[in-house]
Amino acid sequence: MAEQLLEQARDIFEGQIDFEGQKLVENLVNISLSIVGAIAFLVGYFLQDIKLAVYIGLAGTAATFLLTVPPWPIYNKNPVEWLPVAGAAPPTNIVIDEKMLR
């Protein structure tokens, strides 16, 4: 029972993203953190309120985290098709701890 729950949790949290998804995530992080930083600075400067600027920066960082860290399906639109292994035959007659595996 516990093993099944662990396997389900692993499937949910492991996730896969492709190379194009990684590129998209990197761009989203750079753009969103730059925009949030600029907004936080300008609001803090014009209102002369450092506390508000920090809260805006933290909220923007949390929103960026939620946007980019989970493996959302949009980050796996171009999965890599790996080639099969050429000329590799499955090993036969493997001995482990004096037991023959086939």
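Everything numeric here is computed off the predicted structure, so don't read it as measured data.

Rules behind the numbers
Residues numbered from 1 in each chain as written. Predicted model: local features only at pLDDT ≥ 70, side-chain atom pairs only at ≥ 80, totals over all residues. Heavy atoms only, no water. Phe/Tyr/Trp six-rings, centres within 6.5 Å; stacked < 30°, edge-to-face > 60°. Helix = DSSP H or I, 4+ residues; strand = E, 2+ residues; numbered from the N terminus. Expected span 1.5 Å × (residues − 1). Buried < 20%, exposed > 50% of the residue type's maximum accessible area, 1.4 Å probe, protein only. Contact = heavy atoms within 4.5 Å. Polar contact = N/O pair within 3.5 Å; in protein donor to acceptor, adjacent residues only side chain to side chain. Axes fitted to C-alpha atoms, helices over the stretch in contact; angles between N-to-C directions. Parallel < 35°, antiparallel > 145°, perpendicular 65-115°, else oblique. Left-handed = near helix turned anticlockwise from the far one by under 90°. Nonpolar A, V, L, I, M, F, W, Y, C, P; charged D, E, K, R; others polar. UniProt positions renumbered as here; feature names shortened; annotations may be inferred.

**Student:** Can you lay out the packing of aromatic side chains for me, pointing to particular residues and giving the numbers?
**Tutor:** For the structure shown, the criterion picks out two aromatic pairs. An aromatic cluster of three or more residues is present, and its members are Phe 41, Tyr 45 and Phe 46.

**Student:** Before we move on, could you go through helix H2 (residues 19-47) and cite the residues and values that matter?
**Tutor:** End to end, H2 covers 42 Å across 29 residues, agreeing with the expected 42 Å (1.5 Å per residue, within 8%). Residues of H2 that are buried include every one of Gly 21, Val 25, Ser 32, Val 36, Ala 40 and Gly 44, and no others. Buried residues along H2 sit against helix H3 (50-68). With a side-chain oxygen positioned 3.3 Å from the backbone nitrogen of Glu 20, the residue opening H2 is Asp 18.

**Student:** Can you tell me about the packing of H2 against H3, naming the residues and giving the values?
**Tutor:** Viewed as axis vectors pointing N to C, H2 and H3 meet at an angle of 165°, and their least axial separation amounts to 8 Å. Comparing their axes, H3 and H2 come out roughly antiparallel. Our pair here, H2 against H3, has a crossing hand that is right-handed. Facing Val 25, Leu 28, Val 29, Ser 32, Leu 33, Val 36, Ile 39, Ala 40, Val 43, Gly 44 and Leu 47 of H2, the residues of H3 in contact are Leu 52, Ala 53, Ile 56, Gly 57, Gly 60, Thr 61, Thr 64, Leu 67 and Thr 68. In the contact of H2 with H3, the residues fall into 13 nonpolar, seven polar and no charged.

**Student:** Which residues make up the UniProt feature "transmembrane region" (unreviewed entry) in the protein chain, and what values do they have?
**Tutor:** Look at the UniProt record and you will see "transmembrane region" (unreviewed entry) annotated at residues 28-47 and 54-75. For the annotated span residues 28-47, helix accounts for 100% and strand for 0% of the residues, and the straight-line distance between the end C-alpha atoms is 28 Å. For the annotated span residues 54-75, helix accounts for 68% and strand for 0% of the residues, and the straight-line distance between the end C-alpha atoms is 30 Å.

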